[in-house]
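Structural features, examined
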Amino acid sequence: MATGRGRFLLQHWLGLQALRPPLGGVGAAPGSGGLRKGAGVEFAAGCTMLKQYARCGRTCEGSSAGCSVSLDGMPPEILLKILSYLDAVTLLCAGCVNKRFYHLANDNFIWIRIYSTAFSPKRSSWKVNSVAKTAVSANLLSVEDKEAGYWKKEYITKQIASVKAALAQLLKPVSPYTGLPVKTKEAIRISGLGWVIILKEKSGREYVMEHVELSVNDSSVTIVWYGKNWPRLATLSTLNLCGVTPVFMDRSKIPIKNGPRWHSLIAKYSLSHFPESTMIGCDRLIRIFHLNPGLLVGLWKREDELAFVMASLHLHRLAERSTLGSAALPYELPPHTPRLDDTPEYGLHGYQLHVDMHSGGIFYLCSTFRNLFTKKGHIENGYAKLIVIHLKNNTEHLPLVGKVGLSWRTDVFDGCIKSCSIMDMTLLDEYGQPFWCFSAPVCLRSSPRPSDGPQFWGQTYHVDYVDSAGRLHMELVWIPETEEHFIVSLVLYLSVAKINHWFGTQY
C-alpha cells in the first residue's frame, strides 16, 4: 500500500516538474536565470507547449510508464494555480487548447490580478505586485458577482483604449504642406500596425498573407505581398485588405506577430473577373490591374496567375481605418459638420493641393499649389472646374524627374513597367482640412494633340483618375531633347455634391 502510494506521488511530482517553466520563463535559454517579471512568454511557444502536454495526456492515458501526468486529469485548483503565473498573451493562448482550458483561462481572479497590475495608479513600472498584495486589492473589487471572463474583457478593452489614446496624441501634429500627421512612422512602430490580405476561395477556404515589404511616403503607405504559395486565381472569389494590430501592446518590446491581433477591414475586392479596362500596363512578364480603391494586382502573362499584390493607402485617417474597424465591417468616418459662412462663392476658393508621383522610393513629382479657386460659372455637369496648371501659361509647366516607371518585385523576378507610377493627391480646404485624398496607380496614356491649344513638338500623354469626390485630368508632353515629361495642364473637377455636403452650400 505504502509503496503504491509513494509511486503515485512520485509520478505526480515528476509531472509537475515537467510543467514547471524555467527561471527565465517558458522558452528561456538554458542557464538564463533571474526572476520572472511580467510578460515573458511568447504566444507560439506557450501554445505549442500546452498542446503537447494535452496531447501527451490523451495518448498516454492509462499508462504510467509513457507519461508522467495528464493535464486533463489534473484538478482545476492545480491548473488555476499554474495559469495564474502566465501573462495575458499566453493565458489567451491557453484558452484556445480546448473547452476546459477556455473556461479555466476565463477565471476572474486571474484576470483581476493582471488588470490591477497593469492599471493600478500606484504601481511602479519596475515592480510587480506580489500575489498577497494583489489578493488584498482584489477584495476591494467585485469578482464573484461578475460572470466568467468579465475581467478579461475589461482588461482587453482598456488595453485597446490606451493604445488608441496614445496613437491619437501622437498623430495630432500635422504638416502645413500636406495637412497630414508627421509622425506616421512612429505611430506604426509603437502600435505594431501591419496589413494583411485575406484571399477567399469560392469554397469558403481562406488564405492569410502577411505583407513582405512596407514603405512610408510623404502622403501614403505602400504595402507589397508576394510569394511562391499563391492559391489558383480561378478558385478565388474575393480579397479582403485588413489592418492588424496586437491586442496587447508593450512599448518596451517588439510586437509579437503570433500573438492575438485585432483585424480591421479596410476594403473588399472581387477577384472573379479582371476587365481589360482595369489593366493599366504590362511588360514581358506580367500585366498589372488597378482595383479601386488603391489596389494593384500583378498577374503572370503566361499562367495568368497571381504574381504580387500592391496596396497604396493614403495617410488621411489611415490609423483609424486600420485599427477601429472590425474583421467584417470597415471603419465609418464620423459625420462631418459643415462650417457655415455667408461669404460670396463660399467653398469655391482657398484650396491647397499637394501631389506626388513615385515608385519604389523614387519621386518623379512632389509639388504644392496654393490659393486655388474656382467660380460658379465653372460649374458644369455636376462638377466645379479647378485649374491648377494652365495649358497656355508656360511658366506654370512642370517637369517630371527621371523616366516614369512602376517597379515591381517577387521572390524570383523583378522589373519595371514603363509610364506607370503611384499618384498621391491631397486637396485641403481653406481651413487646412483634407477635402479630397487618394493614392492610386496611374498610367501615362498616349493622346492626340489638342487642336485649340499650343502646339508641342513632342508626343502628348494624359493621366486620368475618377472617384466619388471628383476627377483629375493631367496632360503631359515628352521632350525628346531632354528626355523628360512636362506637365502642361492639370485640372481637378470637384463634385458639386461633395462641395455642398462639406460646406453646407447649395450650388
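Residues numbered from 1 in each chain as written. Predicted model: local features only at pLDDT ≥ 70, side-chain atom pairs only at ≥ 80, totals over all residues. Heavy atoms only, no water.

1. Re the overall build of the chain
Heads up, the condition is: Runs of E in the DSSP output that reach at least two residues are strands. Runs of H or I that reach at least four are helices, and both are numbered from the N terminus. Burial here depends on accessible area, computed with a 1.4 Å probe over protein chains only, as a share of the maximum for the residue type. Under 20% is buried, over 50% is exposed, and the range in between is partly exposed. Contacts between residues were defined by any pair of non-hydrogen atoms, one from each residue, lying within 4.5 Å. In short, Shrake-Rupley with a 1.4 Å probe defines the accessible areas, and a residue's cover is counted only from the protein chains shown.
A tally of helices and strands in the chain yields eleven helices and 23 strands. Of all 507 residues assigned to the chain, the portion counted as buried reaches 45%. Put simply, 59% of the contacts in the chain that link residues at least 6 apart link residues at least 24 apart. In the structure as shown, the chain presents an accessible area of about 27200 Å², 56% of it carried by carbon and sulfur atoms.

2. Regarding helix 9 (residues 184–191)
Buried within helix 9 we find Thr184, Ala187, Ile188, Ile190 and Ser191. The positive-phi residue at the C-terminal boundary of helix 9 is Gly192, with phi of around 70°.

3. Topic: the sheet that holds strand 6 (residues 261–270)
Heads up, the condition is: Any two strands between which DSSP finds at least two bridges are classified as paired. The convention used is that axes are lines fitted to C-alpha atoms, helices contributing only their stretch in contact, and that angles between N-to-C directions extend from 0 to 180 degrees.
Taken together, the four strands give an open sheet; going across it, the order is 2-1-5-6, and neighbouring strands pair in antiparallel fashion. Of all the strands in the sheet, the pair left with one neighbour each is strand 2 (206–210) and strand 6. Ignoring which end each strand starts from, the neighbouring axes of this sheet average 25° apart.

4. A look at the nonpolar core
Our working definition: What we call a nonpolar core is a set of buried Ala, Val, Leu, Ile, Met, Phe, Trp, Tyr and Cys residues that are connected through their side-chain atoms within 4.5 Å.
Counting 39 residues, the largest nonpolar core has Leu427, Trp436 and Leu492 as its most contacted members. For this core, the element with the highest residue contribution is strand 19 (residues 434–443), accounting for five residues. Contact partners of Leu492, with chain neighbours within four places excluded, come to Leu353, Ala384, Lys385, Leu386, Val388, Met425, Leu427, Trp436, Arg471 and Leu472.

5. Looking at the packing of aromatic side chains
Given two aromatic rings, one states the distance between the centres and the angle between the planes to describe the pair. What counts is decided by this rule: Here a Phe, Tyr or Trp ring, Trp counted by its six-membered ring, pairs with any other such ring whose centre lies within 6.5 Å, and the pair is stacked when the planes are under 30 degrees apart, edge-to-face when over 60, and tilted otherwise. Think of it as a cone above the ring: NZ of Lys or CZ of Arg counts as a charge over the ring if it is within 6 Å of the ring centre and within 35 degrees of the ring normal.
This model, assessed by the stated rule, comprises 14 aromatic pairs. With a centroid separation of 5.2 Å and 85° between ring planes, the pair formed by Tyr150 and Trp151 is classed as edge-to-face. When its relative accessible area of 8% is taken as the criterion, Trp151 is described as buried. Each member of the aromatic cluster is reached from another via a ring pair, and the members are Tyr346, Tyr351, Phe435, Trp502 and Phe503. Taking NZ or CZ as reference, Arg339 lies 4.2 Å from the ring centre of Tyr431, over its face. Across from the ring centre of Phe435, 5.3 Å away, lies the NZ or CZ of Lys498, which sits over that ring.

6. Focus: the environment of Met279
For Met279, the location among the structural elements is in strand 7 (residues 279–282). Once the C-alpha coordinates of Met279 and Leu296 are considered, the two residues, 17 residues apart in sequence, prove to be 9.5 Å apart. Beyond its immediate chain neighbours, meaning those up to four positions away, Met279 contacts Arg287, Ile288, Phe289 and Arg445.

7. Concerning helix 6 (residues 108–119)
Rules: One fewer than the residue count of a helix, multiplied by 1.5 Å, yields its expected span. Contacts described as polar in this section are N or O atom pairs within 3.5 Å, which, within protein, must combine one atom able to donate a hydrogen with one able to accept it, while residues neighboring in sequence count only if both atoms come from side chains.
Spanning twelve residues, helix 6 covers 16 Å between terminal C-alpha atoms, matching the ideal 16 Å at 1.5 Å per step. Among the twelve residues of helix 6, nine are classified as buried, and the element is accordingly described as predominantly covered. Among the residues of helix 6, Asn108, Ile110, Trp111, Ile112, Arg113, Ile114, Tyr115, Ser116 and Thr117 are the ones counted as buried. By the N-cap criterion, in which a side-chain oxygen at the helix start approaches the backbone nitrogen of a residue two or three places on, helix 6 is capped by Asp107, the distance to Phe109 being 3.1 Å.

8. What about the pairing of strand 12 (residues 362–373)?
As defined by bridge partners, strand 11 (residues 349–359) adjoins strand 12 across nine bridges and the pair is classed as antiparallel. Within strand 12, the position partnered with Met357 by the bridge is Leu365. Between strand 11 and strand 12, which pair antiparallel in sequence order, lie two residues; one of them, Gly360, sits at a positive phi of approximately 60°.

9. Comments concerning the confidence of the model for the chain
If pLDDT is low for a region, its predicted coordinates should not be looked at in detail. Stated precisely, the cut-off is as follows: Each residue carries a pLDDT value, the predictor's own confidence for that position, ranging from 0 to 100.
Across the chain, pLDDT averages 80, with 78% of residues at or above 70. The model gives residues 22–67 a pLDDT under 50, and that stretch makes 52 contacts with residues more than four places away or in other chains.

10. A word on unusual backbone geometry
In this structure, the amide linkage connecting Asn292 to the following residue, Pro293, adopts the cis form with an omega of 10°. Looking at the secondary structure, you find Pro293 in the loop between strand 8 (286–291) and strand 9 (295–300). Here the phi dihedral of Arg317 falls at roughly 60°; this positive angle occurs in a residue that is not glycine. Locating Arg317 in the fold gives a position in the loop between strand 10 (306–314) and helix 10 (318–323). Unlike most non-glycine residues, Asn371 shows phi in positive territory, near 55°. Tracing the sequence through the fold places Asn371 in strand 12. For Asn371, a relative accessible area of 67% corresponds to the exposed category.

11. Comments concerning the pattern of salt bridges
Applicable threshold: One side-chain nitrogen of Lys or Arg within 4 Å of one carboxyl oxygen of Asp or Glu is enough to make a salt bridge.
This model, assessed by the stated rule, comprises seven salt bridges. A single salt-bridge network, built from bridges that share partners, covers Glu276, Arg287 and Asp304.

12. Some details on the packing of helix 6 against helix 8 (residues 150–170)
Worth spelling out the cut-off: Each angle receives one of four descriptions, namely roughly parallel if under 35 degrees, roughly antiparallel if over 145, roughly perpendicular if within 65 to 115, and oblique otherwise. Crossings are sorted by hand: turned counterclockwise from the far helix by less than a right angle, the near helix makes the crossing left-handed, and turned clockwise it makes it right-handed. Three classes are used, and their members are as follows: Ala, Val, Leu, Ile, Met, Phe, Trp, Tyr, Cys and Pro are nonpolar, Asp, Glu, Lys and Arg are charged, and the others, Gly among them, are polar.
Viewed as axis vectors pointing N to C, helix 6 and helix 8 meet at an angle of 25°, and their least axial separation amounts to 7 Å. Classified by the angle their axes make, helix 6 and helix 8 are roughly parallel. Every pair of crossing elements has a handedness; the one defined by helix 6 and helix 8 is left-handed. Listed contacts from helix 8 to Asn108, Trp111, Ile112, Ile114, Tyr115, Ala118 and Phe119 of helix 6 are Tyr150, Trp151, Lys152, Glu154, Tyr155, Lys158 and Gln159. Per-class residue counts for the contact of helix 6 with helix 8 are nine nonpolar, two polar and three charged.

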